Amino acid sequence: MLVFAALALTMAGCVYLYLASPNQKWLVQALPGRPALVAGGLLLAAGLAAWITVLRPLAGFFVTLHVAMVCLFAFPYIAALRGKGRRN
């Protein structure tokens, strides 16, 4: 159960980081920069703590990095696919 919480916290942190970007395409206007970046960082730190609790510290660190990398890579493509579906 803690694995799902760690995954959700890490993904939520990435969502906040993505929505704070001025180039994001999910919202009409980006979230306010500093509060969203702080919230994203805190969520990522909580996700890291949860992953470290579930796994060994080094493995938890690298799982956090891997999940963040996949999320931050996929979010712009998800936005592009959503935008393409809206135009048709």
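Please read these numbers as outputs of a predicted model, since none were measured by experiment.

J.: It is not clear to me how the overall build of the protein should be interpreted in this structure. Could you clarify?
T.: Within the protein, the secondary structure is distributed over 3 helices and 0 strands. Considering the protein as a whole, with its 88 residues, one finds that 24% of them fall into the buried category. Of the roughly 6000 Å² of accessible surface on the protein, a fraction of 73% belongs to carbon and sulfur atoms.

J.: Would you mind showing me how to read the state of the cysteines here?
T.: By definition, a disulfide links two cysteine residues through a covalent bond between their sulfur atoms. According to the stated counting rule, one finds 0 disulfides in the structure shown. Its sulfur unpaired, cysteine 14 is 4.6 Å from the next cysteine sulfur, which belongs to cysteine 71. Judged by its relative accessible area of 7%, cysteine 71 falls in the buried class.

J.: Just checking my understanding: could you explain the packing of aromatic side chains for this structure?
T.: To describe a pair of aromatic rings, you give the distance between the ring centres and the angle between the ring planes. Counted under the stated rule, the structure contains 5 aromatic pairs. One aromatic cluster is present, formed by Tyr18, Trp26 and Phe75 through successive ring pairs.

J.: Any chance you could explain helix α1 (residues 2-19) here in plain terms?
T.: Structurally, the α-helix is built with 3.6 residues per turn, so residues lying three or four positions apart point the same way. Taking 1.5 Å of rise per residue, the 18 residues of α1 would be expected to cover 26 Å, and the 25 Å separating its terminal C-alpha atoms lies within 8% of that figure. Taken residue by residue, α1 has Ala6, Thr10, Gly13, Cys14, Tyr18 and Leu19 as its buried positions.

J.: Can you walk me through the nonpolar core in this structure?
T.: Buried together is how nonpolar side chains tend to be arranged in soluble globular proteins. Counting 12 residues, the largest nonpolar core consists of Ala6, Cys14, Tyr18, Leu19, Leu44, Ala50, Trp51, Val67, Ala68, Cys71, Phe75 and Ala79. Within the residue set of this core, elements represented by two or more residues are α1, α2 (33-54) and α3 (57-87). Not counting residues within four places of it along the chain, the set of residues in contact with leucine 44 comprises Leu9, Thr10, Gly13, Cys14, Leu17 and Thr64.

Quick notes on the rules
Residues numbered from 1 in each chain as written. Predicted model: local features only at pLDDT ≥ 70, side-chain atom pairs only at ≥ 80, totals over all residues. Heavy atoms only, no water. Helix = DSSP H or I, 4+ residues; strand = E, 2+ residues; numbered from the N terminus. Buried < 20%, exposed > 50% of the residue type's maximum accessible area, 1.4 Å probe, protein only. Areas by Shrake-Rupley, 256 points an atom, 1.4 Å probe, with all protein chains shown as cover. Disulfide = S-S within 2.5 Å. Phe/Tyr/Trp six-rings, centres within 6.5 Å; stacked < 30°, edge-to-face > 60°. Expected span 1.5 Å × (residues − 1). Core = buried A, V, L, I, M, F, W, Y, C linked by side-chain atoms within 4.5 Å. Contact = heavy atoms within 4.5 Å.

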